[in-house]
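The chain contents come next:
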Amino acid sequence: MNRFLLAILPLVCLAAGPVDAPAPSSRFAAIDVMIDPKGQPLAAWQIEFAAETGQVSLVGVESGEPGAYAKRPPYYDPAALAGNRIILGDYSLDPAIPKTKIRVARLMLEIRGAAKPQYVTKLITAADPDGKAIPANVSVNDASQPRSGDKK
Amino acid sequence: MTLARTLVLILLPLLAVALMSGCSAASAKSSPPAGYVAHAGISAIGPEAAAPAAVLSSLIPGQTTPSREEELWVVAKYEGDAQQPAANDEIPGSGALVARLPDQQNPVPVPLKHTDVRADIAGYIATVNVAQRYHNPFASKIEAVYVFPLPHNAAVNEFVMTIGDRKIRGIIRERAEAERIYTDAKRQGYVASLLTQERPNIFTQSVANIEPGKAIDIHITYFHTLAYGDGWYEWHFPMVVGPRFNPPDSSSGIGAVPRGAYGASGQKTEVQYLKPNERSGHDISLAIHLDAGVKIEQLDVPTHRTDSRVEDAHADVTLAASDAIPNKDFVLRYRVAGDRLKSGLFATRDEKGAGYFTLMLYPPQSLRNLPRKPLELVYVLDCSGSMDGRPIAQAKGAIRQALARMGPDDTFQIVKFSNDAQWMSDRPLAASRQNIAKALKYLDQPYGGGGTMMIEGIRKSLDFPHDESRLRFVCFLTDGFIGNEADILGEIHQRLGSSRIFSFGVGSSVNRYLLDHMAKMRRGAVAYLGLNQKPEPVMDAFFERISHPALTDVAIDWGGLRATDVFPAQIPDLFVGRPVIVTGRFTGNGIANIRVKGKVANENEVTPLTLNLDTAGAKNPALGPIWARMKIADLADRATWDASGNFTAPIKSLALEHNLMSAFTAFVAVDATRQTEGTHGTSVAVPVPVPDGVPYETTVAPK
């Protein structure tokens, strides 16, 4: 079967357009967003994310690590995005709501220009299952994996 | 689910309160603003900020969206082509035959493996999730490209790419920017996906860098309202784009080419079709959960074999596994108890206090007791290649029935078009027995079989004087398989005058966007006729409607309701059996005493309605996107005939704000965690079968 598929690939590849030449104008990076609810159950959260330096665009939002925030990707505010702001949030009904530091989202970013971005985050709110505000810390980590043979 | 809603209701006020405390922009500043923590490069952050905030409620997608079909007079529902399985039919219901030739034992390998559709219908609002599974059956990396249909009134506002267990939400962007991001990501070897809109009912899904043996799922969510008329709701899901005809010298149409003939059409968007003896491994599953709100009296799926269970106000319908070839529209109809909806009004306020509503207006009961005016009917018959065989036989059957229903004071005309157009007579003829006999002969004369120069048919049918003493309907009988919809709509708008269009869709996968909009342009009507359906009842329903006068010059006095941005901007005439949905924004509280005013045969008619605005809560957060979708559609319609206006900017702005697909916005998702080996994959189009009943030879090949 594989041989058959290899043989016909050139035919179906007729669907391919001409290979485009211009060099990419941007690069991409994945950034983990972590929230530490300091021992309180984290049932809902909302943050704002920005690049202090560098030109950065959101090109995807991945769900959190396995557990309460893995079932779906967080939501973003499209109206804020239109104003060059990134606002994310989600809630969880999982019985095992996290109380310790957890990755709640992974941001897929497009970076334009040579400058290394510096990211800033801001906790808008965090809440327990009763809707009561709780204190929490937000942090970010680089989640991009180097391609084999590439230097990070 | 109840628990979920409860928690959301608990949390949303908290988050909304946080929002009200104010949130400042935080980009491109030399130092972090208050409340932010800067991260040198990528490092830890603190927050602690007590809270300017945002709008979690606006982050969570809504539950419903409206459609434009309510603005239309839906004369008849598609009755479909449900076929009994033949004993020797390997794939019952499929128009694509599977030849059992030695070299075609295996299906054509395509990068789209399966489509799963889940619809949740509440009242007349549907939430639909479409999951497409792409895979790579080849030995090297590919990009999959699939051109597919969705209902033209669908408000697509959620897009998620799934890779294994990882789910990545797509982001709405201006279309050009999304395309650039996708292209850059593809070139650099990232797995990425892009959803663009080619027509309101045709979309292109591209998925880049699918590695050999790997699968990627795309989840699309949209909302729309159901069509309603004569007690029946109708939900439909289109499964394949029919082969479109594009006028000579056009390049922005929808091309139809044989599998593998990339670029042969010269059109911007192109669909590759399987030959009649080919089939791909792509199949479809579909399940619907229906909560009608009131007892369901009758439920019908005329197009497919299904397993159905109805219990009081609820129903579950599942597409039978034996009918899983996606080559014709799926249609579900249901009738509820009573002759009216229990609730014609849906209203909501968002977290910022902005109100949105949809309201169903019913025609006055008194219309049923009044006789109609004499008619002038112009039948315009599409004789192009795609109508060959069963479709044109159905269309002719419909015209024969219509001629039989005409009265002695009525007049008629017949126009045929394919590469050009011709008419039966240079003026409308009285509907006498002799003239009808001539018309039947004229219908049976051979003609056409070529292209679909619908503009010629429009000119021929609208460019002669109208007898003002008669109510004039121009009845287009067509599958609508053309690629220049905007030109057609513009031409009709320019020439229609006081005539009304009755667009009559014939076939298994009709271009509903075109037919609905033709009818909507000037208070017209639309009906759909399947290939195995009897045309007589459809025409009878049409004549029943026009056998009574309409409520014309409809205007609404909104009373205490401060309504703005109401769509449709021009309220259509209200005919018997045809309610109209109006949607808009509002402010104010309390009881609103609305008065619907109009004229019946030059007599003023006023119908009072009472609305309680205090009952409008955050129960239906999708009404905002619904309203936005309606406004976008209204702007797009105007753009087809008003060249002086700038409609692009407002459409783009609305779509971005409400997270909606449009002609100028697109969803893009990139997995930036890793680059696949190599630069980019080879593009492979997903070939599709021609719709059931459509001849391949005269529509796809040769070109």
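First, a word on what this report is: a plain description of the structure on this page. Residue positions within a chain follow its written sequence, with the count starting from 1. Written order determines the labels here, with chains lettered from A and ligands numbered from 1. With the structure being a predicted model, the display of local features is reserved for residues of pLDDT at least 70 and the display and counting of side-chain atom pairs for 80 or more, all residues being used for whole-chain, interface and lining totals.

**As for the overall build of chain B**
Starting at the N terminus, helices and strands are each numbered in turn, a helix being any DSSP run of H or I of at least four residues and a strand any DSSP run of E of at least two. Across its full length, chain B carries 12 helices and 36 strands. Split into buried and exposed, the 703 residues of chain B put 55% on the buried side. Exposure classes come from backbone-placed C-beta atoms, where a residue is buried if 20 or more other C-beta atoms lie within 10 Å of its own, exposed if 12 or fewer do, and partly exposed in between.

**Thoughts on the overall build of chain A**
Within chain A one finds two helices and eight strands. When the helices and strands of chain A are listed from N to C terminus, the series reads α-β-β-β-β-α-β-β-β-β. Counting contacts in chain A only where the partners sit at least 6 residues apart, residues at least 24 apart contribute 79% of the total. C-beta atoms are placed from the backbone for every residue, and two residues are taken to be in contact when these atoms lie within 7 Å.

**Regarding the environment of B:H282**
Residue and element names in this part refer to chain B. The topology assignment puts H282 in the loop between β15 (269–273) and β16 (283–291). Its 24 C-beta neighbours within 10 Å are what place H282 among the buried residues. The sequence separation of H282 and V145 amounts to 137 residues, and the corresponding C-alpha distance is 14 Å. Excluding residues within four positions of it along the chain, H282 makes contact with V110, L112, K113, H114 and P326.

**Re the nonpolar core**
Core analysis: the biggest nonpolar cluster contains 176 residues, and A:M108, B:A144, B:F667, B:V668 and B:V670 have the highest contact counts within it. With eight residues, the single largest contributor to this core is helix α10 (residues 623–641) of chain B. The residues touching B:A144, leaving out its near neighbours within four places in the chain, are B:P111, B:L112, B:Y134, B:V207, B:I210, B:V684 and B:V686. For this entry, the nonpolar core is defined as buried Ala, Val, Leu, Ile, Met, Phe, Trp, Tyr and Cys residues connected by C-beta atoms within 7 Å. In terms of nonpolar packing, the next biggest core, distinct from the first, is built from 57 residues, B:L377, B:Y513, B:Y528 and B:L529 among them.

**Observations regarding the environment of B:V506**
All names here are of chain B. Here V506 lies in strand β28 (residues 500–506). For the pair V506 and R390, spaced 116 residues apart in sequence, the C-alpha to C-alpha distance is 9.3 Å. If we skip the residues at most four places from it in the chain, V506 touches P391, Q394, A395, L477, T478, D479 and L529.

**So, the pairing of strand β23 (residues 375–382) of chain B**
Residues and elements named next belong to chain B. In terms of residue burial, β23 counts as a mostly covered element, since eight of its eight residues are buried. Here β23 shows no split at all, with L375, L377, Y379 and L381 on one side and E376, V378, V380 and D382 on the other all buried. We treat two strands as partners when DSSP finds at least two bridges between them. Relative to strand β27 (residues 471–478), β23 is paired through seven bridges, and the arrangement is parallel. Bridging from a neighbouring strand, V380 pairs with F476 of β27. Examined bridge by bridge, β23 and strand β24 (residues 411–417) share seven bridges and lie parallel to one another. For L377, the partnering residue across the bridge sits in β24 and is F412. Seen with its strands pointing away from the viewer, a crossover is right-handed if its path from the first strand over the helix to the second goes clockwise. One crossover worth recording links β23 to the parallel β24 by way of helix α4 (residues 390–405), and it is right-handed.

**Some thoughts on the packing of α10(B) against helix α11 (residues 648–657) of chain B**
Residues and elements named next belong to chain B. Interaxial distance between α10 and α11 falls to 10 Å at its minimum, and their mutual angle equals 165°. In terms of orientation, α10 lies roughly antiparallel with respect to α11. Note that α10 runs across α11; the crossing there is left-handed. Contact with α10, carried on its side by A628, K631, I632, L635 and A636, involves P650, I651, L654 and A655 of α11 and no other residues of that element. Residues that form the contact of α10 with α11 fall into these classes: eight nonpolar, no polar and one charged. Axes, fitted as lines to C-alpha atoms, cover a helix only where it is in contact. Angles between the N-to-C directions of the axes lie from 0 to 180 degrees. Note that the term roughly parallel is reserved for angles under 35 degrees, roughly antiparallel for angles over 145, roughly perpendicular for angles of 65 to 115, and oblique for everything else. The sense of a crossing depends on the near helix, which, turned anticlockwise from the far helix by less than a right angle, makes the crossing left-handed and, turned clockwise, makes it right-handed. Each residue gets one label: Ala, Val, Leu, Ile, Met, Phe, Trp, Tyr, Cys and Pro are nonpolar, Asp, Glu, Lys and Arg are charged, and the others, such as Gly, are polar.

**Focus: helix α6 (residues 454–462) of chain B**
All names here are of chain B. Among all positions in α6, only M454, G457, I458, S461 and L462 are buried. In an axial view of α6, the angular spread of the buried residues amounts to 110°, which keeps them on one side of the axis. On the buried face of α6, the contacting elements are β23, β24, β25 (421–423), β27 and α7 (485–495). Directions pointing from the helix axis toward each C-beta atom define the arc.

**So, the sheet that holds strand β22 (residues 355–361) of chain B**
Residues and elements named next belong to chain B. A sheet is described by the order of its strands in space; here four strands give the open sequence β21-β22-β32-β31, paired in antiparallel fashion. Looking at the sheet topology across the chains shown, the edges are occupied by β21 (345–349) and β31 (562–567). Across the sheet, the mean angle from the axis of one strand to that of its neighbour is 25°, orientation sign disregarded. With four bridges joining them, β31 and strand β32 (residues 580–587) adopt antiparallel strand pairing. Looking at β32, one finds that A563 is bridged to F586.

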